[in-house]
Structure formats: structure tokens, C-alpha cells
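Residue-level structural notes
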Amino acid sequence: MPLLIHNTLTRRTEPLAPIEPGAVRMYVCGMTVYDYCHLGHARTFVAFDLITRWLRARGLRVTYVRNITDIDDKIIRRAAENNESVAALTARFIEAMQQDFAAIGIAPPDEEPRATQFIPQMLGLIELLQKDDYAYLADDGDVNFAVRRFTGYGKLSGKSLDDLRAGERVAVDAAKRDPLDFVLWKRAKPGEPNWPSPWGAGRPGWHIECSAMAAARLGRTFDIHGGGPDLVFPHHENEIAQSEAGFKQPLANVWIHSGALRVGEDKMSKSLGNFLTIRDALKKYDAEVLRLFLVRSHYRGQIAFTEGLLADARAALTRLYTALRDTPAETGDVDWDEPYAQRFAAAMDDDFNSALAISVLFELASEVNRTRAALLAAQLRALGGVLGLLQRPANHFLQGGATATVAVTTHAESTTANATLIDGPESIRRLIDLRAAAKKARDFPEADRIRAELLAHGIVLEDSAAGTIWRRQ
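Residues numbered from 1 in each chain as written. Predicted model: local features only at pLDDT ≥ 70, side-chain atom pairs only at ≥ 80, totals over all residues. Heavy atoms only, no water.

**Structural notes on empty space enclosed by the protein**
Taken as a whole and judged by the stated rule, the model has one cavity of 30 Å³ or more. The volume enclosed by the largest cavity comes to roughly 30 Å³. As for the largest cavity, its lining consists of Arg43, Val46, Ala47, Leu50, Leu294, Val295, Ser297, Tyr299 and Ser354. Those elements that place two or more of their residues in the lining of the largest cavity are helix H1 (39-57) and helix H8 (287-295). Among the elements that make up the lining of the largest cavity, the one with the highest residue count is H1 (four residues). Taken together, the residues that form the lining of the largest cavity break down as six nonpolar, two polar and one charged. (1 Å grid on protein atoms, 1.4 Å probe; cavity = no way out; pocket = protein on both sides within 12 Å on 5 of 7 lines; lining within 4 Å. Points joined across faces, edges and corners; volume = space filled by probe spheres on them. Helix = DSSP H or I, 4+ residues; strand = E, 2+ residues; numbered from the N terminus. Nonpolar A, V, L, I, M, F, W, Y, C, P; charged D, E, K, R; others polar.)

Structure, rendered in C-alpha cells:
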């Protein structure tokens, strides 16, 4: 079966047909680094991490480029507010971004170009555009793109020039020939970082950055261009216009856009102030729980961010790791001829349907619980690894976080000043042993009380013929 991908440009789900057989070149618009990344960003970049993982699992050679915007109005303003240099600000937030992404299992891209490293390429593209009258020097010193000169404008977003009113997502500027025109090169203001150009000292506009970096790293036409849902218009629409007007060939054959992470009726965003940073989320939630929360929905769908859904993701991950308890933590290769793996692959080949693929994991986990077959357990762990899940020893997750110091008083200790402290696995095991001793002495109320107190502190006991095991709730 072919690998099918929904193409934003054609509005159809189509078989992937790489330009070079066996290889995929993909560019994804990355972060503008002036603040910490939030979970809305994680939604997008986990989606493209998932896509990259599956393309490679299918045996394709993937070149994944994800850029960094390290010069921008917001960056300049934030650096001034902090009384630090732009270079210091961006270096700090690039490091923070890389730490946060690694924490939730986002593998680094093959290349991570920074806008400030590609100024000559941007200037070269602008010169091509000006030569063919797609770009003009405005009275205010900016160089703008003449949108109405490009006849294909709107083909990605479905917007027509007649429908785009002045002032709708574009700034009204008297220096522009048309309100829809967008800036390619900004004249430098006093005190701003700037570079020399044929039009005077200045800095690049946002849209030109990606066109230049993508062409430099992947060629003027490549296989896949991706990004978040808010980039379809105007950013990606503008990229198409300036790239295709300048280079006279398509920018990308397939356009992929992730769905939004929503808080109530709105998307999570810094502009709305309704965001939770990745690093703050990691203080409250297990990193793998966050990842499962993000990948268990189809990458193009919208996700509601609620405490209930996070709790559900934790319960779901607990089910999967419970099936892997007492199995080797090493991950082998997937047996793609096995029936569960074939159904998993069919789901992922259908526009990266991770929601359906994860449902296969739960069916496989149920079979592992029923049979305790080592080969099926290994298959479950290997398939989970394709999605960036289930790669630690089961008890590391099931018993993780049980290090808070909590006093639990047992009947035998109640006449003394000492209580058992839950400060790690050894003290939990001691309480389990005390409970076992109470049961052996037929002091069932005491055994039940120990169990209840542990449960009150998030520690669940599970009795079996082989003894008592525990996990975090």
C-alpha cells in the first residue's frame, strides 16, 4: 500500500511520490526564539517528529530541516526590554527550546539553520524578485513584494485577492502600493541589528527567511513543507509567492499542517495569554504522558487541553506499561509481518493516523496481558518506539514519582513517635511487607488501612499469586 498524505495545497489525500525515489526532503517552519516554547508549539513539532519517525520506519532517507528565526520584531523588543543583546537572548531561548523538545521526545532535525546565517541568500532572492518587478523599493526604504503581480496568490489558503480586505491580517501602510503587499527587506531603525544591502542597511522580513533557507538546504523544489495551522496564511502563502516568482518552479510538492491545541474556544498562543510552557507542564506531568496526549489524536485534528484528558493519557500509558511489567526493557526491531504490526502500519500509512495506530497498541497490550508472551511484549515495545513511546523500563514509569516524603503510621508503630516515611521504593516495599505481616496475623483492618493510606498518597497495590506489586496512580 502507498503512503497517503493529506496535501493542504490540493486539498486531497494523495500517495507520496518523492522527487528522488527512496528519499524525502522536508522543511518545517520552526521557532521564533524570544520566549519559552509552549504546549501549542509542542503539538506542532511532536506531529512532525511523528511524521519523520514514520517516514524513516518505512525505509525512506529523510532530510529534515527545521529553521530558527533569530531576528524579528518580537526578538528585538524583548531584548530591549531585558536590556540584553539579541544574540544573548536568542542563544538562551534556543538552548531552552532544545532542552524542552528533547524532554518530550522530539528528535533534533537533521539541519537547524538560523535566519541570520542566510542573509546573502535572502538578498539574492530579493534581487531576483526586483529584476522581474515582483519587488519594489517603497518610499519608507522597505522593499516589498507586489502581491497582485503573482497570479497564483491564494492557492494554498483558498483566499482570493478580492476577498482579502485591507486591514484583514495585513497592516495598512501608506508606503505600500497595495495593502496586501508584504515586506521582504526592512530598513534599519536606529539601534537595531542590521546588514548591508543594495537598498541600504536593514534586516530581512519574516517570510523571505524560509524561502531562502529552504532553497539553500533542500533545493528550490522539495518534497514536503510543513508547519502549524496558523502558518497557512499569510506565511506559507507568501513563501509560495516569493519562491515561485523568483525561482520559476514549485516550492514544495506536498504541504502538511498540524492541528491546533485549544484552550476552550481558542488556540493556545502567546498572543492570547492562554499558554502553558513545556517546562512548566513538565513540572506537573510526566513527559511521556504529555507525548501520548499529543500523539493519540490525528496530527491534523484539534486537541482540547484539559486536566481530564491529561489524566486519561496517564491512565492509558499506565495500561500499556502494565502490560510490559517484568519484560526486558531492550527494544528490538519491529516484526512487520506480524498481524498487529501490519494493522499499525496500515494506520500510519493512511495520513499518519497515530490515533488508530495507538488503538492497535492497546489491543496488543491486552493480548500481552492475557498470554504474557515475550515476543508480543517485545513487539508492543518496538511499535511504541516508532511513536516515541514505551522506551523505558516499565517500573520506571509505573513507580515513578514515588519519592515525596509522606508519613504513614502503621498499627505497630502507633505507640511510638516514629512513622514510616514514603521516600522511595525501599520504604514502600517496607510498608508492603508490614501489610503482608498484618494479613498473615489476620489483622485485616490494619492491612486495609495501610493499603488505603498508600492509595491516598497515589500508590496503588496490586495483589497476585506471585505477591504484591505497586505503581503510581
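Having seen the structure, we can now continue with the description.
**Overview of the packing of helix H2 (residues 73-82) against helix H3 (residues 86-103)**
Following both chains from N to C, one finds H2 and H3 inclined at 105°, their axes separated by 9 Å at the closest point. Compared by their axis directions, H2 and H3 come out roughly perpendicular. Residue-level inspection shows Ile75, Ile76, Arg78, Ala79 and Asn82 of H2 in contact with H3, the latter providing Val86, Leu89, Thr90 and Arg92. For the contact of H2 with H3, the per-class residue count stands at five nonpolar, two polar and two charged. (Axes fitted to C-alpha atoms, helices over the stretch in contact; angles between N-to-C directions. Parallel < 35°, antiparallel > 145°, perpendicular 65-115°, else oblique. Contact = heavy atoms within 4.5 Å.)

**Structural notes on the confidence of the model for the chain**
Taken as a whole, the chain shows an average pLDDT of 90; of its residues, 91% reach a score of 70 or greater. Note on residues 166-170: pLDDT under 50 across the span, and ten contacts to partners over four residues away in sequence or across chains. Contacts for the low-pLDDT stretch residues 402-410, under 50 throughout, to residues beyond four places or in other chains number 36 contacts. (pLDDT = per-residue confidence, 0-100.)

**Remarks on the sheet that holds strand S4 (residues 61-66)**
Taken together, the four strands give an open sheet; going across it, the order is S4-S3-S9-S10, and neighbouring strands pair in parallel fashion. Each edge of the sheet is formed by a strand with only one pairing partner; in this case those strands are S4 and strand S10 (252-257). Ignoring strand direction, the axes of neighbouring strands in this sheet form an average angle of 20°. Taken together, the six bridges between strand S3 (residues 23-28) and S4 define a ladder with parallel strand orientation. Looking across to S4, one finds that Ala23 is bridged to Arg61. (Pairing = 2+ DSSP bridges.)

**Thoughts on the pattern of salt bridges**
This structure, assessed with the given rule, holds 27 salt bridges. A salt bridge links Lys155 to Glu244; its shortest N-O distance comes to 2.8 Å. Residue Lys155 is found in the loop between strand S6 (143-145) and strand S7 (182-187), and its partner Glu244 is found in helix H6 (residues 232-247); the two are separated by 89 residues along the sequence. Among the residues examined, Lys155 registers a relative accessible area of 34% and is labelled partly exposed. Judged by relative accessible area, Glu244 falls into the buried class, the value being 16%. Taken together, the salt bridges that share partners define one network made up of Asp73, Lys186, Glu192 and Arg203. (Salt bridge = Lys/Arg side-chain N within 4 Å of Asp/Glu carboxyl O. Buried < 20%, exposed > 50% of the residue type's maximum accessible area, 1.4 Å probe, protein only.)

**Some words on the pairing of strand S1 (residues 4-7)**
For S1 and strand S2 (residues 12-15), the ladder comprises four bridges, and the chain directions are antiparallel. Counted as the bridge partner of Asn7 is Arg12 from S2. Where S1 folds back onto S2 in an antiparallel hairpin, the turn is made up of four residues, including Arg11, whose phi is positive at roughly 65°.

**Re the environment of His225**
Inspection of the secondary structure puts His225 in strand S9 (residues 222-227). What makes His225 buried here is its relative accessible area of 0%. C-alpha of His225 to C-alpha of Met26: the two residues are 199 residues apart in sequence and 5.7 Å apart in space. Setting aside residues up to four positions removed in sequence, His225 forms contacts with Tyr27, Cys29, His236, Glu239, Leu251, Ala252, Val254, Trp255 and Ile256.

**Points about helix H15 (residues 444-456)**
Along its 13 residues, H15 runs 18 Å from first to last C-alpha, staying within 8% of the 18 Å computed at 1.5 Å per residue. Buried within H15 are the following residues: Glu446, Ala447, Ile450 and Leu454. With its buried residues spanning 105° around the axis, H15 presents them on a single face. Of the exposed residues in H15, those oriented more than 90 degrees away from the buried face are Pro445 and Ala456. Gly458 lies just past H15 and shows a positive phi near 85°. (Expected span 1.5 Å × (residues − 1). Arc of directions from axis to C-beta.)

**Overview of the packing of aromatic side chains**
Scanning the entire structure with this criterion turns up twelve aromatic pairs. With a centroid separation of 6.3 Å and 50° between ring planes, the pair formed by Tyr27 and Phe222 is classed as tilted. Of this pair, Tyr27 sits in strand S3 while Phe222 sits in strand S9, and the two are 195 residues apart along the sequence. For Tyr27, a relative accessible area of 0% puts it in the buried group. (Phe/Tyr/Trp six-rings, centres within 6.5 Å; stacked < 30°, edge-to-face > 60°.)

**Focus: the nonpolar core**
The biggest cluster of nonpolar side chains holds 133 residues, and the ones touching the most others in it are Leu55, Phe145, Phe344 and Phe352. Top contributing element to this core by residue count: H1, with ten residues. Excluding residues that lie within four positions of it along the chain, Leu55 makes contacts with Leu3, Leu16, Val24, Leu60, Val62, Ile224 and Phe352. In this structure, Leu431, Ile459, Leu461 and Trp470 belong to the second largest nonpolar core, which totals eight residues. (Core = buried A, V, L, I, M, F, W, Y, C linked by side-chain atoms within 4.5 Å.)

**Observations regarding unusual backbone geometry**
Cis geometry marks the peptide bond from Phe233 to Pro234; its omega dihedral reads 5°. Inspection of the secondary structure puts Pro234 in helix H6. Positive phi is not limited to glycine here, since Asp326 has a value of about 65°. In the Ramachandran plot, Asp351 falls in the positive-phi region, its phi being about 60° despite a non-glycine side chain. Its place among the elements puts Asp351 in the loop between helix H10 (339-349) and helix H11 (354-371).

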